[in-house]
Each structure stands twice: as C-alpha cells, then as structure tokens.
Amino acid sequence: LLPSRQVVALTLLTASGEILECSESINADIFQAARLHLGCLGIVLTVTFQCVPQFHLHEVAFPSTLTEVLDHLDDHLKRSQYFRFLWFPHSENVSVIYQDPTNKAGPTRLHPPSTSTSWLWDYAVGYYLLEFLLWISTFVPSLVCWINRFFFWLLFSSRVENIAISYKIFNYECRFKQHVQDWAIPIEKTKEALLELKAALENNPKMVAHYPVEVRFARGDEIWLSPCFQRDSCYMNIIMYRPYGKNVPRLNYWLTYEGIMKKHGGRPHWAKAHSCTRKDFEKMYPAFPKFCSVREKLDPTGIFLNAYLEKVFY
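Residues numbered from 1 in each chain as written. Predicted model: local features only at pLDDT ≥ 70, side-chain atom pairs only at ≥ 80, totals over all residues. Heavy atoms only, no water.

Under an unreviewed UniProt entry, the name given to the protein chain is L-gulonolactone oxidase, and the organism recorded is Cathartes aura. We quote the UniProt Catalytic activity (unreviewed entry) comment for the protein chain here in full: "L-gulono-1,4-lactone + O2 = L-ascorbate + H2O2 + H(+)". Here the protein chain is described in UniProt, under the heading Function (unreviewed entry), as follows: "Oxidizes L-gulono-1,4-lactone to hydrogen peroxide and L-xylo-hexulonolactone which spontaneously isomerizes to L-ascorbate." (UniProt positions renumbered as here; feature names shortened; annotations may be inferred.)

The following block contains the structure:
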C-alpha cells in the first residue's frame, strides 16, 4: 500500500481556524482531497492509518534483457506480488526483482557475504568507485555507456536471493546526490514508452543517461491527486547523479523523458522534478477541478500556498 492509501481518517486545521474531522463517512470530499493534498488544504493534526503488519519477504534478483521483460511483462507481473525491474540505459541489460511474502524466518541471505566483502561491493565498488567514474565521465560523457554496462556486469549479472523483514527489503539506502524524475503512466503503455526512451538515447549519441531506469507498478486508487487515480500504473524513474556534488548536463534527457511521459498520459510524482503547470494537471487529473474547488473553499486567501503550489493551481 502507498502511504496515502493507508490513511483512513484525519483531522484538518483549515485557514479559518476550523478543525474538520475527515473520513470516508465524514466530510468525504474533503477526505479524498486531503489524503494527498500537497499541504495546501490546511494543517493535518492527526492521522489514522490502516495497520499493515510487518512480514518477511523473499527477494530474488536476476539478470535479463529489456526485450524479454517487455515481451513477457504480464507473466512477470503475475509471478511476483512486488515486481519491478532496473533497466541500464545504452544497453539491453535489465535486473529483474521479485519480492514476495514468505513464511521462512529471517534475516537470512543465501550464500551470505562476509561484512568486509559486503562493504567492498556495496560501498567501495558500488559507491566510491562508481562516483569517481561518474565524475570522470563529466569530462568524457561517452564513458557513461561503458560505466552502465560495466557495473551491470560487476554487480547485477548474477542471481541473488535474500530473506528479511519487509521494511528492510522495501527500504534502501540512497547514497548519491542526484536529480530524479518519476512519472506514472497507464500500465499498458509501459513497453511503448520505454522503447521510445531507449530509441531516443540511441538516436542521440550526445545524450547520456545514468543507470538505472527503475520501473515499478502500482494499482489504481480513488485519491483525487494520486498519480494512480482510477488506473493501474507503471512508475518510470530516471536519475542523473551528481558526483562529488557536480551537476551533470541533463536538460535534453529530462525534456525528452518528460515529452514521452506526457505523450503516453503520464502524471509526475509530486515530490520529484517536473515542469508541469495547472493547464497540464487539468488534462492529467479528471478530479482536478473538484480538488481546486475544495482548496479554494478551505483556503480562499491562499495562506497555505507557496511558489511551487502557485504554479500548480494558477
């Protein structure tokens, strides 16, 4: 479950000072808006979440190719409750990841590495060496293609299995400074959009993309501003690292990706970079006018707006 879906009730302090109790049975419209409201409806005083107990997950990661995964996408989605994959731009390489509940106890790692070996691969190679090579590539951008292929072979080309408590598998350490875009498109557009992005990179040799492009999936919901509103969705996340804090040219890649996402009915992740305005959101979200109506009623003077929200709602 996504966090906003787990909200079953909340208390909202509005701009007028009124305190509203909201749930599916009390102030239902305000509740559907407030479950994902970008902070523009008021101050959330209390939240009641649906309890999701911890459980053990069996995680399996194995190498594949982009063609295989996209041609058999429905099969992969049926085989695993939490399926995602990582595509390595400028190549056909993919790391497929299955995550499924298990009754086996954990934490256990099949063929567990020693602490020193784990540090070597996870940090010395997967972080420090990669950051240094990415920094070198800022002077020689053509190296990015080689880096993506090399690190797939080095870190992702063998099968790995792991069993652990759910939060340890779902959460992972984000070590790099980075720029990110993340859009949700209709799930049936996954293959078409990803192949279009791959072709754009192949047809523009000067446009480089860091690995990985993370592709994951979520069920539709009824939350007005949710990127998954009324449709099963594919989230496609792109990334450009900032080795040692240095910005890497990304504008062409960013605009190309955004254009593809918009073409295929995409909706941007609210917490990530995007260039959309109110006109875009009116087309993307069927319930956007209803949300705006609720916002204008609860905060007519815009006390909870900021520069970002003004771009979204004006």
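This paragraph deals with the pairing of strand 9 (residues 178-186). Burial analysis of strand 9 places seven of its nine residues in the buried class, which makes it a mostly covered element. Bridge analysis of strand 9 against strand 11 (residues 233-241) gives nine bridges, and the strand direction is antiparallel. Bridging across to strand 11, Q181 finds its partner in I238. Pairing of strand 9 with strand 12 (residues 267-268) involves two bridges; the strand directions are antiparallel. When the sheet's bridge partners are listed, W183 is paired in strand 12 with P268. (Buried < 20%, exposed > 50% of the residue type's maximum accessible area, 1.4 Å probe, protein only. Helix = DSSP H or I, 4+ residues; strand = E, 2+ residues; numbered from the N terminus. Pairing = 2+ DSSP bridges.)

Here we come to the nonpolar core. Formed by 65 residues in total, the largest nonpolar core has its most connected members in L41, F85, L194, M236, Y253 and F313. In terms of domain composition, this core takes at least three residues from each of domain 1 (3-52 + 284-313) and domain 2 (56-268). (Core = buried A, V, L, I, M, F, W, Y, C linked by side-chain atoms within 4.5 Å. Domains from an automatic or database assignment.)

A few words on unusual backbone geometry. Of note, the bond from Y211 into P212 is cis; its omega dihedral lies within 30 degrees of zero at -5°. The residue P212 is located in the loop between helix 7 (190-203) and strand 10 (213-218) in this model. One non-glycine residue, H90, lies in the positive phi region at around 70°. Mapped onto the secondary structure, H90 falls in the loop between strand 5 (82-87) and strand 6 (93-101).

Bringing the sheet that holds strand 1 (residues 7-13) into the picture now. As summarised here, the arrangement of the three strands in space is 2-1-3, forming an open sheet in which the pairing is antiparallel. Each edge of the sheet is formed by a strand with only one pairing partner; in this case those strands are strand 2 (19-23) and strand 3 (43-49). Strand-to-strand twist across the sheet, computed as the mean angle between neighbouring axes with direction ignored, equals 15°. Pairing geometry for strand 1 and strand 2, over five bridges, is antiparallel. Bridging from a neighbouring strand, L10 pairs with C22 of strand 2. (Axes fitted to C-alpha atoms, helices over the stretch in contact; angles between N-to-C directions.)

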